[in-house]
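Observations on chain architecture
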Amino acid sequence: MTEIDDLKTHLLTAIDAAAGLEALETVRVDALGKQGRVTALLKSMGGLSPEERQVKGPAIHGLREAVTNAIATRKATLEAAALEAKLAAERIDMTLPVDAPLAGTIHPVSQVMDELAEIFADLGFAVATGPEMETDWHNFTALNIPETHPARAMHDTFYLAGDHVPEDRERPRLLRTHTSPVQIRTMLANKPPIRIIAPGRTYRSDSDATHTPMFHQVEGLVIDKGITMGHLKWTLETFLKAFFERDDIVLRLRPSYFPFTEPSAEVDVGYTLQKGKRVIGGGGDVPNGGWMEVLGSGMVHPKVIAACGLDPDEWQGFAFGCGIDRLAMLKYGMDDLRAFFDGDIRWLKHYGFSALDVPTLSGGVGAA
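Predicted model, so just to flag it, every value in this text is computed and none were measured. (Residues numbered from 1 in each chain as written. Predicted model: local features only at pLDDT ≥ 70, side-chain atom pairs only at ≥ 80, totals over all residues. Heavy atoms only, no water.)

1. Focus on unusual backbone geometry
Pro-193 follows Pro-192 through a cis peptide bond whose omega is 0°. The residue Pro-193 is located in the loop between helix H7 (180-189) and strand S4 (194-203) in this model. Along the chain, Glu-262 connects to Pro-263 via a cis peptide bond; the corresponding omega equals 0°. Residue position: Pro-263 is located in strand S7 (residues 261-274). Phi is positive for Asn-144, close to 65°, though the residue is something other than glycine. By the secondary structure assignment, Asn-144 is in the loop between helix H6 (136-139) and strand S3 (173-175). (Helix = DSSP H or I, 4+ residues; strand = E, 2+ residues; numbered from the N terminus.)

2. Structural notes on the nonpolar core
Counting residues in hydrophobic clusters, the biggest one holds 41 residues, and the most contacted among them are Val-112, Leu-116, Phe-239, Leu-240, Phe-243, Leu-295 and Phe-340. Breaking this core down by element, the ones donating at least two residues are helix H5 (108-122), strand S5 (214-224), helix H8 (229-244), S7, strand S9 (289-300), strand S10 (316-323) and helix H10 (324-332). Top element by residues in this core is H8. It accounts for six residues. Those residues in contact with Phe-340 that lie beyond four places of it in its chain are His-107, Val-109, Asp-325, Ala-328, Met-329, Met-334 and Trp-347. (Core = buried A, V, L, I, M, F, W, Y, C linked by side-chain atoms within 4.5 Å. Buried < 20%, exposed > 50% of the residue type's maximum accessible area, 1.4 Å probe, protein only. Contact = heavy atoms within 4.5 Å.)

3. Focus: the packing of aromatic side chains
Counted under the stated rule, the structure contains 11 aromatic pairs. Relative to Phe-260, the ring of Phe-258 lies with its centre 6.0 Å away and its plane at 5°, an arrangement referred to as stacked. For Phe-258, a relative accessible area of 18% corresponds to the buried category. Its end group placed over the ring of Tyr-271, Arg-278 keeps NZ or CZ at 5.4 Å from the ring centre. Here Lys-331 stacks its cationic end above the ring of Phe-243, 4.4 Å away from the centre of that ring. (Phe/Tyr/Trp six-rings, centres within 6.5 Å; stacked < 30°, edge-to-face > 60°. Lys NZ or Arg CZ within 6 Å of the ring centre and 35° of its normal.)

Structure below.
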C-alpha cells in the first residue's frame, strides 16, 4: 500500500509540474500507457490472492482514477493558457483586404446600355424613353408605315385587346415593335434641334437562336438644319470605334429601304477572321476579311417630320437603330441570344459585370 501511495504522490506531482501539453503527454504515457506503471499494477491484480485483491484492488483503481482526473484537469488548464497566449500575441492587420462578399452581377444588356449612354453623351445626345405599350399611330402610322406593311400583321406584332378605331390615335394598342415611337414622341414634345438615343425593350413574334419575342434596341435621332448623310456616317463611325474600342473600324453603307427614312442605308462593319472567329475591326474587301450588317439608318423621311408638326423644308435629320443584344453578342463573344433571358446563374456569373465596372470613355467603355 505504501508503494501505491508513493506512486500516486509522484505522479500527481509530475502532472502538476508539466509545463506544456507535450510534457503532460509524457507523464500520461508513463502512468497509463501500455507499459505504464499504473497499467502494470492493474495487470498484476490477476496474480493476487482474493484477500490481497480485496485490499489492493480499491487502492489501485483509486490511483488510476486520481491520475486520469488530474491529467484531464491539467490538460484543460494548459489548453486555456495556450489559447490566451495565442490571442495575446495575434493582432489584426487592418490594412489587409477583406474577403469579397457574395454579390450579383450586371447583366451584359444593362452594361451595354450604359456604354451606349456614355458614348453618345460625349457626342451631345440625351437619353429618351417612352411607353412599351404603344399605339398604332405612334408605332406605325406616324412613321410612314403603310396599312399593308407586313409588320402590322398579327403574326409579327403583339396587339392588345381593344376596339379597333382607325381614326383614333389611341387605338389599337400594341407592344412596341421598335423604339422608333420614342422619336415621334420626342419630336412632338420638343422643338428642334434634337439629339437623342432611345434604348429599351421591344417585342416581336419571333423566336430562334438569334431572335426572341422580347429584345432590346437602341435608336438614335438627330433633327436640325442642314443635316446630311455625311453627318450620319461620321456619327456611326465614331460610335462604333468607341464601342468596340478599335480605331480600325471600316464602314460600308448599302442602299436599302425603310418606310421612315429616305434615303435609307444598311450599315456594314468590316471584320477579320481570327482562329476561325469573326472579330470586328479591319476586314472588309480584303483577304481574311468580310462585312457584317450591324445597323439600319437613313435620313428621316419628310412625311415623318411633317407628321410631328415640323416643316420638312426647314428641318432635316437622320436616324439609326440596332439591337443592343446583338451588339453585346458581337463584343463579348456570345453565340445564342436565348441565353440572355434564361436566368441561368452560371451564365450570369460568367458574362456579368461587376457593379464597379462603370463605363467611361477615359478608362475604356468595355470590360476591365
